[in-house]
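# Summary of structural features
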Amino acid sequence: MLESLISFAPFAGIVAALIGILWAAQWLLISRYPDFGNERKFPRQLIMLGLTLLGVLVSILVLPVSESSRNQLIGLIGIVISGVLAFSSTTIISNLMAGVLLRMTKPFKLGDFIRIGEHFGRVSERGLFDTEIQTETRELIALPNTYCINNPVTTIRSSGTIISASLSLGYDADHTQVESLLLEAARTCGLEEPFVHIMDLGNFSVTYRVSGFLEESKRLISVRSSLYGCVLDTLHSKGIEIMSPSFMTQRQLRDGEKLIPSVPVVAVSESPASSAEKLAFDKAERAEEIENEKQLLKDEIERLEQTVKQGPEGTDTKALQDTLDRKRDRLKAIETVVDELEISRNDIPEAGS
């Protein structure tokens, strides 16, 4: 009995040391940063997962048993892990693997407008197990990563998108006049290179679709609303009635009288539009700004490091090193608050150029 305890003493010591190392790693990587969000925790969680698996493997290798027993134990652990992967394929493990796949394929990035299934909004966080989007009503929706993998993802390009509006008019309206007015409406609301398509010739009406290019896709919601308003104002100002041909009313109308608002046409203001976007997508906007600034700083730091390393003749190395240090301090300050999206930009110290 005593000999067995003595033989297991080194094993117990090694296991205790491994537990201590894992606990220290957990504290260094995750526990001491309670404010970190999913974006910052993702690589640290992957590192902890790898260290834990490595710790289990080392514990088995130092176990004071025969070689055959150790091989059997390793085989048993493999079966258990395979079972966990199999039975958890629709939950934790599947979301974990889907999160890794999304990082590899990069179908979207922080700040992008995306549509997944019936959900539409801007990406505000990408985590180990879920992806968070912010909707038009400022709600935050956490979508499991498996949902993002199993459903088609529509991403609106940050370089610009096409805005469209469809409407049906009666056959009494000349299509050439309608197309000209719709193009005018698209230009009025700020769309570039507008165009009009006749989509359908129905039994009672003609369906038109006016489209135009919006370079600043962040204003998607407000400009689409502005387009609808401009279409109404432009057609009504030219006496074109927007109404179903089967419209019925109990009020008698004089011959030639049309149901068009009598109020004068007023230019659409863009102020409510811009404020609406800032209010609805504040977290996603903040996340995109921080991500873009981080990437810009990383590129500048890499360029400065190469310049300092090569040290061409006549270069002020000390000045370059000071600039490099300031850039690194700036990057460190941003990374400290990268997940605190409610913090004002003024809370991040400015660094000299």
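What you see is a predicted model, and the numbers here were worked out from it, not measured in a lab. (Residues numbered from 1 in each chain as written. Predicted model: local features only at pLDDT ≥ 70, side-chain atom pairs only at ≥ 80, totals over all residues. Heavy atoms only, no water.)

## Some remarks on unusual backbone geometry
Even without glycine at this site, Lys 106 takes up a positive phi of about 50°. By the element assignment, Lys 106 lies in the loop between α4 (92–105) and β1 (113–116). (Helix = DSSP H or I, 4+ residues; strand = E, 2+ residues; numbered from the N terminus.)

## Section: the sheet that holds strand β7 (residues 192–201)
The sheet built from three strands is open, its strands ordered β6-β8-β7 with antiparallel pairing. Either end of the sheet is taken by a strand with one partner, and the two such strands are β6 (161–169) and β7. Geometrically, the sheet is characterised by an average inter-axis angle of 20° between neighbouring strands, direction not taken into account. Pairing analysis gives nine bridges linking β6 to strand β8 (residues 206–214), with the strands arranged antiparallel. Across the sheet, Ile 163 pairs through a bridge with Gly 212, a residue of β8. On the sheet, helix α7 (residues 220–237) packs against β6 and β8 and is oriented at approximately 35° with respect to β6. (Pairing = 2+ DSSP bridges. Axes fitted to C-alpha atoms, helices over the stretch in contact; angles between N-to-C directions. Contact = heavy atoms within 4.5 Å.)

## Description of empty space enclosed by the protein
Counted by the stated rule, this structure contains two cavities of 30 Å³ or more. Put simply, the second largest cavity is a space of about 30 Å³. Around the second largest cavity, the lining residues are Gly 99, Leu 102, Arg 103, Arg 126, Gly 127, Thr 131 and Asn 145. Grouping the amino acids of the lining of the second largest cavity by side-chain chemistry returns one nonpolar, four polar and two charged. (1 Å grid on protein atoms, 1.4 Å probe; cavity = no way out; pocket = protein on both sides within 12 Å on 5 of 7 lines; lining within 4 Å. Points joined across faces, edges and corners; volume = space filled by probe spheres on them. Nonpolar A, V, L, I, M, F, W, Y, C, P; charged D, E, K, R; others polar.)

## Looking at the sheet that holds β1
Read across the sheet, five strands follow the order β4-β3-β2-β1-β5 without closing on themselves; strand pairing throughout is antiparallel. Each edge of the sheet is formed by a strand with only one pairing partner; in this case those strands are β4 (140–144) and β5 (153–156). Averaged over all neighbouring strand pairs, the angle between strand axes comes to 40°, with direction disregarded. Note that β1 and β5 share four bridges and pair antiparallel. The partner of Ile 116 across the bridge, within β5, is Val 153.

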